[in-house]
Amino acid sequence: MTPGCRALIFSCAFALGTYAAHAAAKTFLANDYGAKGDGSTLNTLSIQKAIDAAAKSGGMVTFKTGTYLTGSLFLKSGTRLDVGEGVTLIGSQRLGDYPMLPTRIAGIEMTWPSALINVRNQHDVTISGKGTIDGDGPVWWKSYWDLRAAYEPKGLRWASDYDARRPRLVLLQNSSDIHLGGGILLKRSGFWTVQVLYSEHVIIDGIVIRNNEGGKGPSTDGIDIDSSRNVLVEHADIDVNDDALCLKAGRDSDGLRVNRPTRDIVIRDSVIRRGAAAVTIGSETSGGFHNIEAYNLTALAGVPSGVLFKSAHTRGGTASDIRIHGLTLEGVAIPIHITMDWNPKFSYATLPPGSKDVPSYWITLTTKVPEQQGLPHFSDVHIWNIKATGATQAFDVRAYPNATLDNFKLDHLDIEAKTAGFIANAKNWTFSDNEIKTADGSKVTVTDVPEAHGKDIPYGEPQ
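Here is what the cut-offs are and how they apply
- Residues numbered from 1 in each chain as written.
- Predicted model: local features only at pLDDT ≥ 70, side-chain atom pairs only at ≥ 80, totals over all residues.
- Heavy atoms only, no water.
- Helix = DSSP H or I, 4+ residues; strand = E, 2+ residues; numbered from the N terminus.
- Rg over C-alpha atoms; globule rule 2.2 N^0.38 Å.
- Buried < 20%, exposed > 50% of the residue type's maximum accessible area, 1.4 Å probe, protein only.
- Lys, Arg positive; Asp, Glu negative; His and termini not counted.
- Charge placed at Lys NZ, Arg CZ, Asp CG, Glu CD.
- Pairing = 2+ DSSP bridges.
- Phe/Tyr/Trp six-rings, centres within 6.5 Å; stacked < 30°, edge-to-face > 60°.
- Lys NZ or Arg CZ within 6 Å of the ring centre and 35° of its normal.
- Salt bridge = Lys/Arg side-chain N within 4 Å of Asp/Glu carboxyl O.
- Expected span 1.5 Å × (residues − 1).
- Contact = heavy atoms within 4.5 Å.
- Core = buried A, V, L, I, M, F, W, Y, C linked by side-chain atoms within 4.5 Å.

Asker: What exactly am I supposed to notice about the overall build of the chain here?
Answerer: Check the secondary structure of the chain and you find 8 helices and 35 strands. Computed over C-alpha atoms, the radius of gyration of the chain comes to 22 Å, within 12% of the 23 Å expected from 2.2 N^0.38 for 463 residues, which places it in the range of a compact globule. If you line up the chain on its principal axes, its C-alpha atoms span 70 × 55 × 35 Å. Taking all 463 residues of the chain together, the buried fraction comes to 59%. A distance of 6 Å separates the average location of the 46 positive side-chain charges in the chain from that of its 50 negative side-chain charges.

Asker: Just checking my understanding: could you explain the pairing of strand S30 (residues 405-424) for this structure?
Answerer: One face of the sheet, then the other: side chains in a regular strand alternate in exactly this way. Of the pairings in the sheet, the one linking strand S29 (residues 377-398) to S30 comprises 13 bridges and is parallel in character. Across the sheet, residue tryptophan 384 finds its bridge partner in S30, namely aspartate 411. Where S30 lies against strand S31 (residues 426-427), 2 bridges are found, and the strand directions are parallel. Pairing of aspartate 406 across the sheet is with lysine 427, part of S31.

Asker: Explain the packing of aromatic side chains to me, please; I cannot follow it from the model alone.
Answerer: Scanning the entire structure with this criterion turns up 11 aromatic pairs. Ring geometry for tyrosine 144 and tryptophan 145: centres 5.2 Å apart, planes at 70°, overall edge-to-face. The exposure class assigned to tryptophan 145 is partly exposed, which follows from its relative accessible area of 33%. Taking 5.3 Å as the distance between ring centres and 65° as the angle between the ring planes, the aromatic pair formed by tryptophan 158 and tryptophan 362 counts as edge-to-face. Of the two residues, tryptophan 158 is situated in the loop between helix H3 (138-151) and helix H4 (160-163) and tryptophan 362 in helix H7 (residues 360-366); the sequence distance between them amounts to 204 residues. With respect to burial, tryptophan 158 and tryptophan 362 carry one shared label: buried. Grouped by ring-pair contacts, the aromatic residues Trp112, Phe191 and Trp192 constitute a single cluster. Across the ring face of phenylalanine 346, the terminal group of arginine 251 is positioned such that the distance to the ring centre comes to 4.8 Å. One Lys or Arg, lysine 310, reaches over the ring of tryptophan 342 and ends 4.1 Å from the middle of that ring.

Asker: I keep staring at the pattern of salt bridges and nothing clicks. Help me out?
Answerer: Two side chains bearing opposite charge may form a pair once their charged atoms approach each other closely. What the rule picks out here adds up to 31 salt bridges. Across the pair aspartate 221 and lysine 248 runs a salt bridge whose closest N-O atoms are separated by 3.9 Å. Highlighted residues: aspartate 221 in the loop between strand S18 (208-210) and strand S19 (223-226) and lysine 248 in strand S22 (residues 245-248), separated in sequence by 27 residues. The residues aspartate 221 and lysine 248 share a single accessibility class, namely buried. Between arginine 323 and glutamate 293 there is a salt bridge; the shortest N-O distance is 3.7 Å. Placement of arginine 323 in strand S27 (residues 318-330) and of glutamate 293 in strand S25 (residues 289-299) is noted, with a sequence separation of 30 residues between them. The pair arginine 323 / glutamate 293 is uniform in exposure class, with both members buried.

Asker: Help me understand the environment of arginine 268 in this model?
Answerer: Locating arginine 268 in the fold gives a position in strand S23 (residues 262-274). Sequence-wise, arginine 268 and leucine 95 are 173 residues apart; in three dimensions their C-alpha atoms are separated by 35 Å.

Asker: What's the story with helix H2 (residues 44-55) in this structure? I'm lost.
Answerer: Side chains that are three or four residues apart share a direction in an α-helix, a result of its 3.6 residues per turn. Under the 1.5 Å per step criterion, the end-to-end length of H2 is 16 Å for 12 residues, consistent within 8% with the ideal 16 Å. Inspection of H2 places Thr44, Ser46, Ile47, Gln48, Ala50, Ile51, Ala53 and Ala54 among the buried residues, and these make up the whole buried set. Turning to H2, the residues buried within the fold contact strand S1 (27-29), strand S2 (38-42), strand S3 (60-62), strand S4 (66-70), strand S5 (73-74) and strand S7 (87-91).

Asker: Explanation requested: the nonpolar core in the structure shown.
Answerer: Note that soluble globular proteins tend to have their nonpolar side chains buried in a common cluster. Ile117, Ile127, Ile207, Ile223, Phe309, Phe395 and Trp429 are the most contacted members of the largest nonpolar core, which has 99 residues in total. In terms of residue count, S29 provides more of this core than any other element does, 9 residues in total. Not counting residues up to four positions away in its chain, the partners in contact with phenylalanine 309 are Ile281, Ile322, Ile324, His337, Ile338, Thr339, Met340, Phe378, Val381 and Phe408. One finds Ile108, Phe191, Ala349 and Trp362 within the second-largest nonpolar core, a separate group that totals 17 residues.

Asker: Would you mind showing me how to read unusual backbone geometry here?
Answerer: Leaving glycine aside, a negative phi is the common case for residues, and trans is the common case for peptide bonds. For the peptide bond that leads from glycine 282 to serine 283, omega is 5°, which places it in the cis range. Within the secondary structure, serine 283 is located in the loop between strand S24 (277-281) and S25. Residues other than glycine seldom take positive phi values, yet tyrosine 198 does so here, at roughly 50°. As for its placement among the helices and strands, tyrosine 198 is situated in the loop between strand S16 (194-197) and strand S17 (200-205). Of the residues examined, tyrosine 198 reaches a relative accessible area of 9% and is grouped as buried. You will see that serine 219, though not glycine, has its phi angle at about 55°, which is positive. Along the chain, serine 219 turns up in the loop between S18 and S19. The exposure class of serine 219 is buried, given its relative accessible area of 8%.

In C-alpha coordinates, the structure reads:
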(Lines give C-alpha, C1' and ligand atoms only; values in the text may rest on other atoms or scores of the structure.)
Protein backbone atom coordinates (compact mmCIF):
# COMPACT_ATOMS: atom_id res chain seq x y z
CA MET A 1 0.00 0.00 0.00
CA THR A 2 1.41 3.40 -0.99
CA PRO A 3 1.76 6.21 1.54
CA GLY A 4 -0.89 8.14 -0.36
CA CYS A 5 -3.39 5.31 0.03
CA ARG A 6 -2.57 4.95 3.72
CA ALA A 7 -3.16 8.68 4.19
CA LEU A 8 -6.46 8.51 2.33
CA ILE A 9 -7.69 5.67 4.52
CA PHE A 10 -6.60 7.60 7.59
CA SER A 11 -8.38 10.68 6.24
CA CYS A 12 -11.68 8.91 5.66
CA ALA A 13 -11.61 7.02 8.95
CA PHE A 14 -10.82 10.12 10.98
CA ALA A 15 -13.34 12.28 9.11
CA LEU A 16 -16.14 9.75 9.64
CA GLY A 17 -15.27 9.42 13.30
CA THR A 18 -15.17 13.19 13.72
CA TYR A 19 -18.51 13.62 11.96
CA ALA A 20 -20.17 10.96 14.09
CA ALA A 21 -18.77 12.46 17.28
CA HIS A 22 -19.90 15.99 16.44
CA ALA A 23 -23.28 15.08 14.95
CA ALA A 24 -24.66 14.57 18.44
CA ALA A 25 -22.47 17.17 20.17
CA LYS A 26 -24.08 19.82 22.32
CA THR A 27 -23.86 23.35 20.94
CA PHE A 28 -22.46 26.19 23.02
CA LEU A 29 -23.31 29.64 21.66
CA ALA A 30 -20.50 32.04 22.53
CA ASN A 31 -23.00 34.89 22.69
CA ASP A 32 -24.65 33.19 25.69
CA TYR A 33 -21.33 33.65 27.53
CA GLY A 34 -21.16 37.36 26.78
CA ALA A 35 -19.55 37.49 23.32
CA LYS A 36 -20.62 40.44 21.17
CA GLY A 37 -20.18 40.45 17.41
CA ASP A 38 -19.89 44.22 17.10
CA GLY A 39 -16.26 44.31 15.91
CA SER A 40 -15.09 46.42 18.84
CA THR A 41 -15.78 44.55 22.10
CA LEU A 42 -12.84 42.40 23.18
CA ASN A 43 -14.37 38.92 23.50
CA THR A 44 -11.40 36.79 24.56
CA LEU A 45 -12.74 35.85 28.00
CA SER A 46 -16.31 35.28 26.80
CA ILE A 47 -15.33 33.00 23.93
CA GLN A 48 -12.87 31.12 26.13
CA LYS A 49 -15.67 30.52 28.68
CA ALA A 50 -17.75 28.93 25.91
CA ILE A 51 -14.79 26.76 24.85
CA ASP A 52 -14.16 25.64 28.43
CA ALA A 53 -17.83 24.78 28.90
CA ALA A 54 -17.88 22.80 25.65
CA ALA A 55 -14.80 20.87 26.73
CA LYS A 56 -16.68 19.36 29.67
CA SER A 57 -19.01 17.44 27.37
CA GLY A 58 -17.23 17.40 24.03
CA GLY A 59 -19.35 20.18 22.55
CA MET A 60 -19.29 22.61 19.66
CA VAL A 61 -18.79 26.37 20.02
CA THR A 62 -20.80 28.53 17.62
CA PHE A 63 -21.50 32.24 17.08
CA LYS A 64 -24.28 34.48 15.89
CA THR A 65 -23.50 36.37 12.70
CA GLY A 66 -21.03 39.17 13.40
CA THR A 67 -17.41 40.20 13.83
CA TYR A 68 -15.77 39.16 17.09
CA LEU A 69 -12.62 40.92 18.26
CA THR A 70 -10.47 38.55 20.31
CA GLY A 71 -7.02 37.73 21.60
CA SER A 72 -5.60 34.21 21.90
CA LEU A 73 -8.11 31.37 22.23
CA PHE A 74 -7.17 27.89 23.46
CA LEU A 75 -9.20 24.94 22.21
CA LYS A 76 -9.61 21.84 24.35
CA SER A 77 -9.74 18.11 23.65
CA GLY A 78 -13.00 16.82 22.22
CA THR A 79 -14.28 20.22 21.12
CA ARG A 80 -15.18 21.81 17.82
CA LEU A 81 -14.88 25.49 16.93
CA ASP A 82 -17.47 26.24 14.27
CA VAL A 83 -16.90 29.58 12.55
CA GLY A 84 -20.05 29.75 10.50
CA GLU A 85 -20.84 31.71 7.39
CA GLY A 86 -21.19 35.39 8.24
CA VAL A 87 -18.93 35.06 11.29
CA THR A 88 -15.48 36.64 11.55
CA LEU A 89 -13.03 36.19 14.41
CA ILE A 90 -10.59 39.10 14.15
CA GLY A 91 -7.37 39.35 16.12
CA SER A 92 -6.62 42.10 18.60
CA GLN A 93 -3.89 44.56 17.65
CA ARG A 94 -2.57 44.55 21.24
CA LEU A 95 0.40 42.22 21.79
CA GLY A 96 -0.59 41.75 25.42
CA ASP A 97 -3.69 39.84 24.28
CA TYR A 98 -1.42 37.00 23.06
CA PRO A 99 0.24 35.32 26.10
CA MET A 100 3.91 34.46 25.80
CA LEU A 101 4.34 30.66 25.82
CA PRO A 102 7.04 28.10 24.91
CA THR A 103 6.96 27.09 21.26
CA ARG A 104 9.23 26.92 18.22
CA ILE A 105 9.60 29.84 15.83
CA ALA A 106 11.52 29.69 12.55
CA GLY A 107 13.42 26.63 13.69
CA ILE A 108 14.35 27.38 17.31
CA GLU A 109 12.56 26.77 20.60
CA MET A 110 11.75 29.98 22.47
CA THR A 111 8.90 31.84 24.10
CA TRP A 112 6.70 33.70 21.66
CA PRO A 113 3.23 35.24 21.54
CA SER A 114 0.47 32.66 21.35
CA ALA A 115 -1.40 32.30 18.10
CA LEU A 116 -4.90 33.66 17.68
CA ILE A 117 -6.26 30.09 17.65
CA ASN A 118 -4.26 27.53 19.66
CA VAL A 119 -4.47 23.76 20.05
CA ARG A 120 -1.71 22.90 22.52
CA ASN A 121 -1.31 19.48 24.13
CA GLN A 122 -4.82 18.42 23.07
CA HIS A 123 -6.50 15.74 20.96
CA ASP A 124 -9.67 15.31 18.92
CA VAL A 125 -10.23 18.95 17.98
CA THR A 126 -11.97 20.35 14.90
CA ILE A 127 -11.83 23.90 13.52
CA SER A 128 -14.20 24.43 10.60
CA GLY A 129 -16.96 26.50 9.06
CA LYS A 130 -17.59 28.84 6.14
CA GLY A 131 -16.59 31.93 8.12
CA THR A 132 -13.34 33.86 8.53
CA ILE A 133 -10.43 34.00 10.95
CA ASP A 134 -8.67 37.33 10.37
CA GLY A 135 -5.32 38.19 11.97
CA ASP A 136 -5.63 41.91 11.09
CA GLY A 137 -2.07 41.63 9.87
CA PRO A 138 -1.02 45.11 8.63
CA VAL A 139 -0.18 46.41 12.11
CA TRP A 140 2.12 43.41 12.68
CA TRP A 141 3.60 43.61 9.20
CA LYS A 142 4.54 47.27 9.75
CA SER A 143 6.22 46.41 13.05
CA TYR A 144 8.38 43.87 11.20
CA TRP A 145 9.37 46.16 8.34
CA ASP A 146 10.20 48.97 10.75
CA LEU A 147 12.41 46.72 12.88
CA ARG A 148 14.11 45.17 9.89
CA ALA A 149 14.93 48.59 8.46
CA ALA A 150 16.67 49.42 11.72
CA TYR A 151 18.40 46.03 12.02
CA GLU A 152 19.81 45.52 8.52
CA PRO A 153 22.46 48.27 8.73
CA LYS A 154 23.65 46.66 11.97
CA GLY A 155 24.14 43.23 10.37
CA LEU A 156 21.09 41.86 12.21
CA ARG A 157 18.91 40.77 9.32
CA TRP A 158 18.93 37.27 10.86
CA ALA A 159 17.40 38.56 14.12
CA SER A 160 14.48 40.43 12.56
CA ASP A 161 12.08 37.48 12.37
CA TYR A 162 12.69 36.60 16.02
CA ASP A 163 12.63 40.08 17.55
CA ALA A 164 9.55 41.34 15.70
CA ARG A 165 7.00 39.41 17.72
CA ARG A 166 3.94 38.75 15.60
CA PRO A 167 1.09 36.33 16.36
CA ARG A 168 0.54 33.31 14.19
CA LEU A 169 -3.04 32.67 13.12
CA VAL A 170 -3.45 28.95 13.96
CA LEU A 171 -1.03 26.83 16.00
CA LEU A 172 -1.36 23.05 16.44
CA GLN A 173 1.35 22.07 18.94
CA ASN A 174 1.98 18.73 20.67
CA SER A 175 -1.47 17.60 19.60
CA SER A 176 -3.11 14.72 17.74
CA ASP A 177 -6.23 13.90 15.76
CA ILE A 178 -6.87 17.46 14.63
CA HIS A 179 -9.07 18.52 11.72
CA LEU A 180 -8.91 22.00 10.18
CA GLY A 181 -11.01 22.85 7.15
CA GLY A 182 -14.54 22.91 5.83
CA GLY A 183 -14.01 25.92 3.59
CA ILE A 184 -12.83 28.28 6.32
CA LEU A 185 -11.06 31.50 5.24
CA LEU A 186 -7.81 32.35 7.03
CA LYS A 187 -6.56 35.84 6.21
CA ARG A 188 -4.05 38.57 7.08
CA SER A 189 -2.00 36.51 9.48
CA GLY A 190 0.56 38.49 11.46
CA PHE A 191 3.16 35.75 10.92
CA TRP A 192 2.78 32.12 9.79
CA THR A 193 -0.82 31.20 9.07
CA VAL A 194 -0.99 27.52 10.13
CA GLN A 195 1.86 25.85 12.01
CA VAL A 196 1.63 22.13 12.71
CA LEU A 197 4.31 21.65 15.36
CA TYR A 198 5.31 18.40 17.10
CA SER A 199 1.89 16.96 16.19
CA GLU A 200 0.49 13.88 14.48
CA HIS A 201 -2.65 12.63 12.76
CA VAL A 202 -3.64 16.03 11.41
CA ILE A 203 -5.95 16.69 8.48
CA ILE A 204 -6.11 20.09 6.80
CA ASP A 205 -8.82 19.85 4.17
CA GLY A 206 -10.48 22.71 2.33
CA ILE A 207 -8.99 25.94 3.66
CA VAL A 208 -8.51 29.25 1.88
CA ILE A 209 -5.56 31.46 2.89
CA ARG A 210 -5.30 35.11 1.87
CA ASN A 211 -2.38 37.10 3.29
CA ASN A 212 -1.89 39.85 0.74
CA GLU A 213 -4.88 42.03 1.58
CA GLY A 214 -3.94 45.44 2.91
CA GLY A 215 -0.21 45.25 2.26
CA LYS A 216 2.77 42.98 1.86
CA GLY A 217 2.59 40.41 4.62
CA PRO A 218 6.20 39.34 5.42
CA SER A 219 6.80 35.72 6.47
CA THR A 220 3.10 34.98 6.13
CA ASP A 221 3.63 31.32 5.26
CA GLY A 222 0.54 29.33 4.38
CA ILE A 223 0.88 25.89 6.00
CA ASP A 224 4.08 24.90 7.82
CA ILE A 225 4.38 21.24 8.84
CA ASP A 226 7.11 21.39 11.46
CA SER A 227 8.68 18.24 12.99
CA SER A 228 5.34 16.45 12.72
CA ARG A 229 4.09 13.17 11.28
CA ASN A 230 1.04 11.62 9.67
CA VAL A 231 -0.29 14.86 8.20
CA LEU A 232 -2.60 15.18 5.21
CA VAL A 233 -3.11 18.53 3.46
CA GLU A 234 -5.58 18.72 0.60
CA HIS A 235 -7.86 21.16 -1.20
CA ALA A 236 -5.99 24.26 -0.04
CA ASP A 237 -6.24 27.57 -1.94
CA ILE A 238 -3.29 29.75 -0.96
CA ASP A 239 -2.24 33.35 -1.60
CA VAL A 240 0.65 34.36 0.67
CA ASN A 241 3.91 36.28 0.66
CA ASP A 242 6.31 33.49 1.59
CA ASP A 243 6.30 29.68 1.65
CA ALA A 244 2.88 28.33 0.74
CA LEU A 245 3.02 24.59 1.48
CA CYS A 246 6.18 24.04 3.49
CA LEU A 247 7.91 21.29 5.46
CA LYS A 248 10.26 22.29 8.29
CA ALA A 249 12.30 20.44 10.94
CA GLY A 250 14.40 22.86 12.98
CA ARG A 251 17.31 25.23 12.53
CA ASP A 252 21.03 24.80 13.16
CA SER A 253 22.28 23.86 16.65
CA ASP A 254 18.83 23.96 18.25
CA GLY A 255 17.20 21.94 15.49
CA LEU A 256 19.98 19.37 15.68
CA ARG A 257 19.50 19.20 19.46
CA VAL A 258 15.75 18.60 19.17
CA ASN A 259 16.30 16.21 16.24
CA ARG A 260 12.63 15.59 15.39
CA PRO A 261 11.92 14.76 11.73
CA THR A 262 8.93 15.60 9.60
CA ARG A 263 7.71 12.34 8.12
CA ASP A 264 4.78 10.48 6.58
CA ILE A 265 3.24 13.54 4.92
CA VAL A 266 0.82 13.81 1.98
CA ILE A 267 0.11 17.16 0.29
CA ARG A 268 -2.25 17.14 -2.68
CA ASP A 269 -4.98 18.73 -4.79
CA SER A 270 -4.20 22.37 -3.99
CA VAL A 271 -3.57 25.67 -5.76
CA ILE A 272 -0.95 28.32 -4.98
CA ARG A 273 -1.78 31.75 -6.37
CA ARG A 274 1.11 33.58 -4.74
CA GLY A 275 3.90 32.24 -2.55
CA ALA A 276 7.51 31.08 -2.70
CA ALA A 277 6.84 27.76 -4.42
CA ALA A 278 4.31 25.07 -5.16
CA VAL A 279 5.93 22.94 -2.46
CA THR A 280 8.91 23.77 -0.24
CA ILE A 281 11.21 21.67 1.93
CA GLY A 282 13.32 23.83 4.25
CA SER A 283 15.09 25.95 4.98
CA GLU A 284 14.78 24.52 8.51
CA THR A 285 16.06 21.00 7.71
CA SER A 286 17.94 19.94 10.85
CA GLY A 287 15.62 17.13 11.98
CA GLY A 288 15.22 15.68 8.49
CA PHE A 289 12.35 14.56 6.23
CA HIS A 290 11.23 11.06 5.31
CA ASN A 291 8.37 9.57 3.31
CA ILE A 292 6.97 12.76 1.80
CA GLU A 293 4.54 12.84 -1.12
CA ALA A 294 3.17 15.94 -2.87
CA TYR A 295 1.01 15.76 -5.97
CA ASN A 296 -1.72 17.42 -8.02
CA LEU A 297 -0.60 20.95 -7.20
CA THR A 298 -1.08 24.02 -9.38
CA ALA A 299 1.08 27.14 -9.07
CA LEU A 300 0.22 30.27 -11.01
CA ALA A 301 2.19 33.14 -12.52
CA GLY A 302 4.19 35.08 -9.98
CA VAL A 303 5.15 32.03 -7.91
CA PRO A 304 8.97 31.98 -8.21
CA SER A 305 9.61 28.22 -7.91
CA GLY A 306 7.85 24.94 -8.49
CA VAL A 307 9.73 22.37 -6.43
CA LEU A 308 11.88 24.25 -3.89
CA PHE A 309 14.39 22.54 -1.60
CA LYS A 310 16.40 25.00 0.49
CA SER A 311 18.86 24.72 3.34
CA ALA A 312 22.21 26.11 4.51
CA HIS A 313 25.61 24.74 5.53
CA THR A 314 24.75 25.18 9.22
CA ARG A 315 21.38 23.39 9.10
CA GLY A 316 22.29 19.73 8.73
CA GLY A 317 19.60 17.07 8.46
CA THR A 318 18.80 14.36 5.93
CA ALA A 319 15.90 14.15 3.51
CA SER A 320 14.99 10.91 1.77
CA ASP A 321 12.11 9.14 0.08
CA ILE A 322 10.61 12.30 -1.37
CA ARG A 323 8.02 11.94 -4.16
CA ILE A 324 6.66 14.95 -6.05
CA HIS A 325 4.47 14.58 -9.12
CA GLY A 326 1.53 15.92 -11.07
CA LEU A 327 2.47 19.61 -10.82
CA THR A 328 1.05 22.22 -13.19
CA LEU A 329 3.21 25.34 -13.21
CA GLU A 330 1.87 28.34 -15.14
CA GLY A 331 4.39 31.15 -15.43
CA VAL A 332 6.49 29.84 -12.54
CA ALA A 333 10.02 31.18 -13.00
CA ILE A 334 12.07 28.11 -11.94
CA PRO A 335 10.28 24.74 -12.02
CA ILE A 336 13.07 22.80 -10.26
CA HIS A 337 14.94 24.90 -7.70
CA ILE A 338 17.36 23.50 -5.12
CA THR A 339 19.79 25.56 -3.07
CA MET A 340 21.77 24.52 -0.01
CA ASP A 341 23.07 28.07 0.61
CA TRP A 342 19.77 29.87 0.99
CA ASN A 343 19.53 33.55 1.98
CA PRO A 344 22.92 33.96 3.71
CA LYS A 345 21.99 37.18 5.53
CA PHE A 346 19.20 35.29 7.30
CA SER A 347 20.76 31.83 7.46
CA TYR A 348 24.13 32.68 9.02
CA ALA A 349 23.85 34.49 12.33
CA THR A 350 26.82 36.25 13.94
CA LEU A 351 26.82 38.63 16.88
CA PRO A 352 28.01 42.13 16.02
CA PRO A 353 31.27 43.11 17.79
CA GLY A 354 30.69 44.47 21.26
CA SER A 355 27.26 42.90 21.69
CA LYS A 356 26.21 42.74 25.36
CA ASP A 357 23.10 41.64 27.25
CA VAL A 358 21.61 40.02 24.15
CA PRO A 359 18.48 37.82 24.26
CA SER A 360 19.15 34.15 25.04
CA TYR A 361 17.81 33.09 21.68
CA TRP A 362 20.47 35.22 19.98
CA ILE A 363 23.03 32.96 21.65
CA THR A 364 21.10 29.94 20.39
CA LEU A 365 21.03 31.32 16.86
CA THR A 366 24.76 32.12 16.84
CA THR A 367 25.95 28.83 18.37
CA LYS A 368 28.38 27.28 15.90
CA VAL A 369 27.63 23.94 14.27
CA PRO A 370 30.54 21.61 13.40
CA GLU A 371 31.20 21.74 9.67
CA GLN A 372 30.30 18.15 8.82
CA GLN A 373 27.24 18.17 11.06
CA GLY A 374 26.00 21.32 9.39
CA LEU A 375 25.90 19.93 5.85
CA PRO A 376 22.38 18.97 4.67
CA HIS A 377 21.91 15.74 2.70
CA PHE A 378 19.10 15.12 0.22
CA SER A 379 18.77 11.71 -1.45
CA ASP A 380 16.30 9.30 -3.04
CA VAL A 381 14.02 11.88 -4.60
CA HIS A 382 11.60 11.14 -7.43
CA ILE A 383 10.09 14.04 -9.39
CA TRP A 384 7.79 13.27 -12.31
CA ASN A 385 4.83 14.43 -14.40
CA ILE A 386 5.62 18.15 -14.23
CA LYS A 387 4.02 20.47 -16.79
CA ALA A 388 5.59 23.94 -16.80
CA THR A 389 4.94 26.80 -19.22
CA GLY A 390 6.31 30.32 -19.25
CA ALA A 391 9.35 29.50 -17.12
CA THR A 392 12.46 31.67 -17.03
CA GLN A 393 14.96 28.89 -16.22
CA ALA A 394 14.13 25.19 -16.10
CA PHE A 395 16.69 24.15 -13.46
CA ASP A 396 18.58 26.01 -10.75
CA VAL A 397 20.16 23.24 -8.66
CA ARG A 398 23.27 23.40 -6.49
CA ALA A 399 24.57 21.85 -3.27
CA TYR A 400 28.15 21.16 -2.06
CA PRO A 401 30.91 18.94 -3.47
CA ASN A 402 31.15 17.16 -0.10
CA ALA A 403 27.37 16.96 0.39
CA THR A 404 25.94 16.14 -3.02
CA LEU A 405 22.34 15.62 -4.05
CA ASP A 406 22.17 11.85 -4.48
CA ASN A 407 19.90 9.40 -6.28
CA PHE A 408 17.39 11.73 -7.92
CA LYS A 409 15.07 10.38 -10.59
CA LEU A 410 13.35 12.84 -12.94
CA ASP A 411 10.98 11.68 -15.63
CA HIS A 412 8.07 12.90 -17.72
CA LEU A 413 9.00 16.55 -17.29
CA ASP A 414 7.45 18.86 -19.89
CA ILE A 415 9.03 22.29 -19.41
CA GLU A 416 8.99 25.38 -21.62
CA ALA A 417 11.57 27.96 -20.50
CA LYS A 418 13.70 30.81 -21.77
CA THR A 419 16.86 28.94 -20.83
CA ALA A 420 17.74 25.53 -19.45
CA GLY A 421 19.86 26.35 -16.41
CA PHE A 422 22.13 23.98 -14.54
CA ILE A 423 22.49 21.14 -12.05
CA ALA A 424 25.58 21.18 -9.84
CA ASN A 425 26.87 18.88 -7.07
CA ALA A 426 24.62 16.00 -8.10
CA LYS A 427 25.37 12.29 -7.98
CA ASN A 428 23.53 9.40 -9.58
CA TRP A 429 20.73 11.39 -11.21
CA THR A 430 18.67 9.65 -13.89
CA PHE A 431 16.49 11.29 -16.52
CA SER A 432 13.93 9.71 -18.84
CA ASP A 433 11.04 10.74 -21.07
CA ASN A 434 11.58 14.46 -20.54
CA GLU A 435 10.98 17.33 -22.94
CA ILE A 436 12.72 20.60 -22.12
CA LYS A 437 12.03 23.29 -24.71
CA THR A 438 14.15 26.43 -24.43
CA ALA A 439 13.87 29.71 -26.31
CA ASP A 440 17.65 30.02 -26.53
CA GLY A 441 18.21 26.41 -27.57
CA SER A 442 20.26 25.59 -24.46
CA LYS A 443 20.36 22.30 -22.58
CA VAL A 444 20.80 21.77 -18.90
CA THR A 445 24.45 21.36 -17.94
CA VAL A 446 25.45 19.00 -15.17
CA THR A 447 28.70 20.00 -13.43
CA ASP A 448 30.76 18.97 -10.43
CA VAL A 449 29.79 15.36 -10.86
CA PRO A 450 32.68 12.87 -11.28
CA GLU A 451 30.70 10.58 -13.57
CA ALA A 452 29.21 13.30 -15.80
CA HIS A 453 31.31 16.43 -15.58
CA GLY A 454 30.13 18.96 -18.16
CA LYS A 455 27.71 16.60 -19.89
CA ASP A 456 24.31 17.63 -21.17
CA ILE A 457 21.25 15.79 -19.91
CA PRO A 458 20.04 13.32 -22.59
CA TYR A 459 16.38 14.33 -22.62
CA GLY A 460 13.91 11.69 -23.74
CA GLU A 461 16.43 8.87 -23.45
CA PRO A 462 16.49 6.55 -20.40
CA GLN A 463 19.81 6.19 -18.59
